[in-house]
Every structure is written in C-alpha cells, then in structure tokens.
Amino acid sequence: MTDALMGVYNRAPLAVSHGNGAWLHDIDGRAYLDCVAGIATDALGHAHPALIAALTEQAGKLWHVSNIFRIPGQDELAERLTDASFADVVFFGNSGSEAIECALKTARRYHFVNGQPERIDIIGFAGSFHGRTYAAINAAGNPSYVEGFGPRLPGYVQLTIDDEAGIAEAIARPTTAALIVEPVQGEGGARALTGEWLKRVRDLCTAHGVLLIYDEVQSGMGRTGKLFAHQWFEGAEPDIMGVAKALGGGFPVGACLATREAAKGMTVGVHGSTFGGNPLAMAVAIAAFDEIAKESTLTHARAIADDLKTRLTDLAARYPDLIVDVRGKGLLIGLKMIPNNREFMALARDHGVLVAGGGENCVRLLPPLILSHEEAAEAVTRLEAACEAARAQLAKAA
Ligand SMILES: *Cc1c(COP(=O)(O)O)cnc(C)c1O
C-alpha cells in the first residue's frame, strides 16, 4: 500500500474490485455480503442496470457545464424532490457536507433578510454527525472532530437529545437561528428519534421563529422505508433539509431542500458551486430517484427491514454476552456490542459480511434497499459465525 495518501482513514485490509447487487468482491476473488453499501450511498446495490444506463448515456452527451447555464436535469430532479417532500426549492451540491453547509447558510440568511442579523445560533446535538467541513463539525460538536482545528466557530450551541428543558430554553433565545438534527442519528450509533420528540421541537421552533433543519443525508432516500425518515410522522416537517448519500445511488451528489419562505435569503450571488448539479450527477440521481421512490422499492425495504430486525433480535437473544441492543429505523440498523465494535467488524469481514462502525460501540448495518430475504438470512448466518468467533476470542482471553 502506498504512503502517498493522507493517513486519515483506518482502512480494512480488503482491496475492492467490483460489486453487484448486495455483493462486493475483492481483488483476491472473495465475495462479501455488503451491509455497508458504500456507507449508505449504494441504496440500489452495486452496478444497478438503470444507473449504469443513465451514467453511460449521459457520459456520451455532456458532463459538466457552469451553473451560469440552465441545466435541465436540475429542473427535473428538483421537481421530483419538491413533489415528494415539504420543500419548494432545492440547491444541488456534491456531498452531504455541502448540503449541510447550504442548510446552515440558508438559515442564517433567512434571519438576516428578515432584519434579525443577530439570530446566528445553531442548536446541534451530541451524538450527531453532519460532515467534515468547519460548519458541519461545529454543528455536530464531536470533540474528536473539532480538536486541533483552531477555535470553535461562534454561533453553535450544543445540547443533548434528552435535555428537554435545555432545548426549550435554547429555542426561545432571541439569538437562535436554527436547530439541526438527524431524525435517525447515523454515525452516532443508529439512534432513532421519536415522532413526539420531533413534533415537540417542530412546534417550539414554529412558536419562536426558529428554523428546523433535518439532516437526512443518511436517513433519507428510502433508508428507513419511507423516502425521508421524518415522513413516518405527521406534523414534523422541517423548514430545511440536507440530503446526499443515496441521492445519487453512489454517485456524488447532495441537495439542500427548503421551503420558499426559509430560502428567501438565498438570492443571486449568495451561494454557489462549480460542480454542484452537473448534468452527469443529475442524470444518475434522476435514475436513482425513480427507482428508490417507487412504492415497490420502499415496500420491499420495509419488509427486509422487518425481516432483518427479527433475525437480529433473535441473534441478540442468543448472544446476550455480545449484543446488548438492536436499534435504529428501517435499514439503518445498529447493534450495540459488548466486545469492541471495530474488532467485531473485522470478525464479520473474516466471515464474509461487511458492516460499518458507529458511536456508542455500535456496528451499523446499512444494506442496500434491494437486499433479498435470502441475502438477509445469509447476512445474519454470517454474523452468527462472527459471534461464535468473538465468543471463542473472549474465552481464550479469560
Ligand atoms: C455522511 C453524512 C454527512 C456528510 O456527508 P459527506 O458526503 O461525507 O460530506 C452528513 N450528515 C450525515 C447524517 C451523514 O451521514
């Protein structure tokens, strides 16, 4: 392995070659059941024919032009996203962090053009992940992600999800601009917020003129069995929302969605992106959207989620010495482990199933929405083999 890469990743000793559906193959010819799915990006699995067709067709036509021109694919995808959600308008970027960056800028601009420039504070929550830009790390406040990068940015307030009184007090402050939260915390360990929590916060934000931002970068695009996770609940819609990861089915693209009112400060020249919304990304994302938003895809995702949850709950009951909780929502699943989660991920990999890490010593399962029932059963069989191996390790250490 070269040393010509910045050492910011702790990479697994697995060199990928190709994928198809829920399977990932390494260069040594081993096949893995992929319950990472590009880290929740490849919602349709690897090498989906509709995405390949969209990509290759567009590749022969036009890749990139500046946003000084009209890009018809943006109109089409924006119409789809706004028809399917609370939103009226969309800004396209290339990643989740950029979607969140745009969401935070949109919120502050809203108050600025409302004649309340003092409203800059963004309320964020412990256990959140919003990406790796300065705004994103400050909004999430994870100490290990902000350390060493200079002073914390002003205008970020951090609270805990359970601090009801603190949340109410912070929303009521005259300097508060917005509250940002993931309806299902992903990296933080697959923690699903309740409809009551979201509705309470929605109502408080409305009462105090504070904008509600959802980060659905991971929980969105069918991951929980609805197009967006908050759509499981009535009366819990945001003003602004970040979407990325599965939006392009694995192709880099992100979007910031907003109501027309919330986006009223986003006028000509205020924001932009060179690559955001390029024709290639739009073509693939439109194809991905049309597959993911199909009722049959979402129905299947819900059925597979139920199936997996049942199997994993059984597994946890057989291995209470290893797995203490099965949580999350839909196909954003967390297993809270007793043995070190990173070590368990390696054992799972050794047994041919790929899982992701997460906060609170969780391993996360983020399989593609197209996982079959047979593959779900096989994934859990392989996890069970990893559990046996973990038990053997524990016995040896004792
Ligand atoms: C992955 C993720 C991001 C950041 O997305 P990038 O594409 O890595 O910039 C932001 N928020 C959530 C909830 C995520 O899961």
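What counts as what
Residues numbered from 1 in each chain as written. Predicted model: local features only at pLDDT ≥ 70, side-chain atom pairs only at ≥ 80, totals over all residues. Heavy atoms only, no water. Near = heavy atom within 4 Å. Polar contact = N/O pair within 3.5 Å; in protein donor to acceptor, adjacent residues only side chain to side chain. Areas by Shrake-Rupley, 256 points an atom, 1.4 Å probe, with all protein chains shown as cover. Axes fitted to C-alpha atoms, helices over the stretch in contact; angles between N-to-C directions. Helix = DSSP H or I, 4+ residues; strand = E, 2+ residues; numbered from the N terminus. Parallel < 35°, antiparallel > 145°, perpendicular 65-115°, else oblique. Left-handed = near helix turned anticlockwise from the far one by under 90°. Contact = heavy atoms within 4.5 Å. Nonpolar A, V, L, I, M, F, W, Y, C, P; charged D, E, K, R; others polar. Patch = residues over 30% accessible without salt bridge, like charges linked within 9 Å, V, L, I, M, F, W, Y side chains within 5 Å. Salt bridge = Lys/Arg side-chain N within 4 Å of Asp/Glu carboxyl O. Pairing = 2+ DSSP bridges. Expected span 1.5 Å × (residues − 1). UniProt positions renumbered as here; feature names shortened; annotations may be inferred.

### Topic: the site of the ligand
For step 1, the next point in the chain: All residues in the neighbourhood of the ligand are listed as Ser95, Gly96, Ser97, Phe129, His130, Gly131, Glu182, Asp215, Val217, Gln218 and Lys245.
For step 2, the next point in the chain: At a separation of 2.8 Å, an oxygen atom of the ligand approaches a polar backbone atom of Gly96.
For step 3, the next point in the chain: Lys245 places a polar side-chain atom, nitrogen or oxygen, 2.6 Å from an oxygen atom of the ligand.
For step 4, the next point in the chain: When isolated, the ligand has an accessible area of 380 Å², and the protein chains bury 82% of it.

### A word on the packing of helix H7 (residues 164-172) against helix H8 (residues 195-208)
Helix-helix packing is described using two parameters, namely the angle between the two axes and the distance between the axes.
For step 1, the next point in the chain: In the contact formed by H7 and H8, the axes pass within 9 Å of each other and the chain directions differ by 25°. As far as their axial angle goes, H8 and H7 are roughly parallel. You can see that H7 and H8 cross each other, and the crossing is right-handed. Along its contact with H7, which presents Glu164, Ile167, Ala168, Ile171 and Ala172, the element H8 presents Trp197, Arg200, Val201, Leu204, Cys205 and His208.
For step 2, the next point in the chain: For the contact of H7 with H8, the residue count by class is eight nonpolar, one polar and two charged.

### As for a nonpolar patch on the surface
For step 1, the next point in the chain: Among the surface-exposed residues, Met6, Val8 and Tyr9 lie close enough to one another that they form a single nonpolar patch of about 430 Å² accessible area.
For step 2, the next point in the chain: One can find Tyr9 in the segment before strand E1 (16-20).

### Structural notes on the sheet that holds strand E12 (residues 254-258)
For step 1, the next point in the chain: Ordered in space as E4-E12-E11-E10-E7-E5-E6, the seven strands form an open sheet in which the pairing is mixed. Both edges of this open sheet fall to strand E4 (89-93) and strand E6 (156-159), since each of them pairs with a single strand only. Taken pair by pair, the neighbouring strands of this sheet meet at an average axis angle of 20°, ignoring direction.
For step 2, the next point in the chain: Packed onto the sheet, helix H3 (residues 72-83) meets E4 and E12 and runs at close to 125° relative to E4.
For step 3, the next point in the chain: Against the sheet, H7 makes contact with strand E5 (121-125), E6 and strand E7 (176-181), and its axis sits at roughly 140° relative to E7, the strand it touches most.

### What to know about H8
For step 1, the next point in the chain: Here H8 contains 14 residues, and its C-alpha end-to-end distance of 20 Å stays within 8% of the 20 Å for a straight helix at 1.5 Å per residue.
For step 2, the next point in the chain: In this structure, the buried side of H8 is in contact with E5, H7, E7 and strand E10 (211-215).
For step 3, the next point in the chain: At the C-terminal side of H8, Gly209 shows a positive phi close to 70°.

### Some details on the sheet that holds strand E15 (residues 353-354)
Where strands meet in a sheet, backbone hydrogen bonds hold them as pairs that are either parallel or antiparallel.
For step 1, the next point in the chain: Read across the sheet, four strands follow the order E1-E2-E3-E15 without closing on themselves; strand pairing throughout is mixed. Edge strands, defined here as strands with exactly one partner in the open sheet, are E1 and E15.
For step 2, the next point in the chain: Here four bridges tie E1 to strand E2 (residues 23-26), and the two strands are oriented antiparallel to one another. Bridge pairing links Val16 to Asp26 in E2.
For step 3, the next point in the chain: Running over the sheet, helix H12 (residues 373-397) touches E2, strand E3 (31-34) and E15 and is turned about 110° from E3.

### Describing the UniProt feature "binding site: pyridoxal 5'-phosphate" (unreviewed entry) in the chain
For step 1, the next point in the chain: As recorded in UniProt, the sites labelled "binding site: pyridoxal 5'-phosphate" (unreviewed entry) are Phe129, Asp215, Glu216, Val217, Gln218 and Thr274. What stands out for the annotated residues spanning 146 residues is how far apart their C-alpha atoms range, the widest pair being 25.0 Å apart.
For step 2, the next point in the chain: Following the sequence through the fold, Asp215 ends up in strand E10.
For step 3, the next point in the chain: Those residues in contact with Asp215 that lie beyond four places of it in its chain are Ile100, Phe129, His130, Val181, Glu182, Pro183 and Gly242.
For step 4, the next point in the chain: Side-chain polar atoms of Asp215 contact the side chain of His130, separated by 2.8 Å.
For step 5, the next point in the chain: Secondary-structure assignment places Gln218 in the loop between E10 and strand E11 (240-243).

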